[in-house]
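Geometric and topological summary
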Amino acid sequence: MARVVMKFGGTSVADMDRIRNVAQRVKKEVDAGNEVAVVVSAMAGVTNQLVGYVQDAGKLYDAREYDTVVSAGEQITSGLLAICLQEIGVDARSWLGWQAPIQTNEAHGSARILDIDCSEIINRFEKQGQVAVFAGFQGLATDGRISTLGRGGSDTSAVAIAAAMKADRCDIYTDVDGIYTTDPRIVPKARKLEKITYEEMLELASQGAKVLQTRSVEMAMKHNVRVQVLSSFEDKPGTFVVDEDEIVEKALVSGIAYNRNEAKITLRNVPDHPGVAAAVFGPMTDAAINVDMIIQNVSAKGDCTDMTFTISQGDLERTLRLLEDKRGELKYERLDHSSDLVKISVIGVGMRSHAGVAQQMFGALAEKGINIDVISTSEIKISVLVAEEYTELALRALHTAYGLDAEEEDA
Ligand code: ADP
Ligand code: ASP
Ligand code: MG
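Residues numbered from 1 in each chain as written. Chains lettered and ligands numbered in written order. Predicted model: local features only at pLDDT ≥ 70, side-chain atom pairs only at ≥ 80, totals over all residues. Heavy atoms only, no water.

**Remarks on helix 8 (residues 214-223)**
Taken residue by residue, helix 8 has Ser216, Val217, Met219 and Ala220 as its buried positions. The arc enclosing the buried residues of helix 8, seen along the axis, measures out at 165°, which places them on a common side. Buried residues belonging to helix 8 abut helix 6 (154-164), helix 7 (198-206) and strand 11 (227-231). Following helix 8 by one or two positions, Asn224 adopts a phi angle in the positive range, close to 55°. (Buried < 20%, exposed > 50% of the residue type's maximum accessible area, 1.4 Å probe, protein only. Helix = DSSP H or I, 4+ residues; strand = E, 2+ residues; numbered from the N terminus. Arc of directions from axis to C-beta. Contact = heavy atoms within 4.5 Å.)

**So, the site of ligand 1**
If you check the shell around ligand 1, you find 16 residues, and the closest are Thr174, Asp175, Tyr180, Asp183 and Arg185. Contacts to ligand 1 include Asp183, whose side-chain N or O atom sits 2.9 Å from an oxygen atom. Bound to the protein, ligand 1 loses 89% of the 570 Å² it would expose on its own. A per-class count over the shell around ligand 1 returns six nonpolar, five polar and five charged. (Near = heavy atom within 4 Å. Polar contact = N/O pair within 3.5 Å; in protein donor to acceptor, adjacent residues only side chain to side chain. Areas by Shrake-Rupley, 256 points an atom, 1.4 Å probe, with all protein chains shown as cover. Nonpolar A, V, L, I, M, F, W, Y, C, P; charged D, E, K, R; others polar.)

**Concerning the side chain of Lys7**
By secondary structure assignment, the location of Lys7 is in strand 1 (residues 3-8). Among the polar contacts made by the side chain of Lys7, one reaches the side chain of Asp155 at a distance of 2.7 Å. Once residues lying within four places of it in the same chain are set aside, the contact partners of Lys7 are Val39, Ser41, Ser154, Asp155, Ala158, Asp171, Ile172 and Tyr173.

**Details of the sheet that holds strand 9 (residues 169-174)**
What the eight strands build is an open sheet, ordered 3-6-2-1-9-11-12-10; its pairing is mixed. Edge positions in the sheet fall to strand 3 (92-95) and strand 10 (195-197), since each has one partner strand and no second. Adjacent strand axes in the sheet meet at a mean angle of 20° when their direction is disregarded. One ladder, built from four bridges, connects strand 3 with strand 6 (residues 131-135); its direction is parallel. Within strand 6, the position partnered with Ser94 by the bridge is Val133. Sitting on the sheet, helix 4 (residues 72-87) touches strand 2 (35-40), strand 3 and strand 6, and the angle it makes with strand 6 is about 160°. (Pairing = 2+ DSSP bridges. Axes fitted to C-alpha atoms, helices over the stretch in contact; angles between N-to-C directions.)

**Quick notes on the packing of aromatic side chains**
Using the criterion set out here, one finds three aromatic pairs in the structure. Residues Phe8 and Tyr173 carry aromatic rings whose centres are separated by 4.6 Å and whose planes lie at 15° to one another, so their mutual orientation is stacked. Residue Phe8 is found in strand 1, and its partner Tyr173 is found in strand 9; the two are separated by 165 residues along the sequence. Neither residue differs from the other here; Phe8 and Tyr173 are each classed as buried. For the pair Tyr61 and Tyr66, a centre-to-centre distance of 5.6 Å together with 15° between the ring planes defines the contact as stacked. Given a relative accessible area of 35%, Tyr61 falls into the partly exposed group. (Phe/Tyr/Trp six-rings, centres within 6.5 Å; stacked < 30°, edge-to-face > 60°.)

**Considerations on the pattern of salt bridges**
Taken as a whole, this structure holds 30 salt bridges when the rule is applied. Put simply, Glu234 and Lys236 hold a salt bridge, and the shortest N to O gap is 3.4 Å. Of the residues examined, Lys236 reaches a relative accessible area of 35% and is grouped as partly exposed. Linked by salt bridges that have partners in common, Glu199, Glu244, Arg352 and Glu379 make up one network. (Salt bridge = Lys/Arg side-chain N within 4 Å of Asp/Glu carboxyl O.)

Here it is, written out as structure tokens:
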């Protein structure tokens, strides 16, 4: 007997037939003698629609009310799945974030889980075999109101619940049958991985691969939760996220991610003296604006510098306003910005011990005539910023260059 958390994403619960299909999969685990808790997302498209309503209601909306509205999708699917399970003879009960409760901080819109009390739920499946169906994505903030965990947050709900109830496995059912070397919807030759390390998955997720929410991977790594990503439509094993020592052959590059949500800002001719970077980025930190890549160049004049950095597109308006307000103090000559960019990142633990990985990337992009705007590197990752129109071309070229393409018959 195992204790299993099963999470189903939006496409897996997109309509009543799919919810009934999910109920059958849950029943199979229960019939196998396992203790099961389920986490569901909202039906596909519902959260986007709810976010749209909120944006329509008010430009500078209240984050607490945003959470009240956008958490509603998961309430519906948790209730529907509980009914569908009952219909096929499985004892089931839905649990909303405030009921368990899944306690979070007060960062409405992207709250962090602080604590989960699973005692009642464990009690119920031990005593009567009852399946708990959690509404994912939502929690109870310390201010007493509903919170949500950021887009894709049901993954984090699932891993957190698995950690809290010391589950043997956390299975993330989705619309692809595992984690691939890159997004299989963009690169048809992407190859399914049998295993990937927590660290690589963390980089892939944080660089844009939305198959798992970044925080869910962080949490799995911290609490050693065994996560598997698999298809809710096919019956076959998926990809396991594991410790590095479980992987014998360490690939140089194991995955490629992309993120279209980047915006680039350049401050031209900023006076070059100590403290200038602090003066630019300090106010942005205070405004909770995350800066990603940064480059600073000595400009032709010598006493001035150009400073380029990237942020997410959602923060662009606020950042521009902030920097324009500070123009008198920062004394830059001009401010340029653009958003038609994509950040492409190649990731692999093998990079630690091998040289030349970056050169391979630059060579492959040059061969396709793709200009690189900004470059940044870390221990197991190299990222470049290129024009958005080259997303597909660059991904496919890099995938081939690093020898990741699937064999013809697998593709
Ligand atoms: P769910 O609704 O089940 O949470 P998501 O849409 O959030 O599903 O995540 C699954 C999607 O992630 C896939 O449809 C795929 O397009 C995308 N994806 C991006 N990168 C990868 C990758 N490396 N491996 C698998 N899927 C990926
Ligand atoms: N429904 C939420 C979203 O679309 C949470 C999730 O699906 O994980 O972001
Ligand atoms: Mg998701």
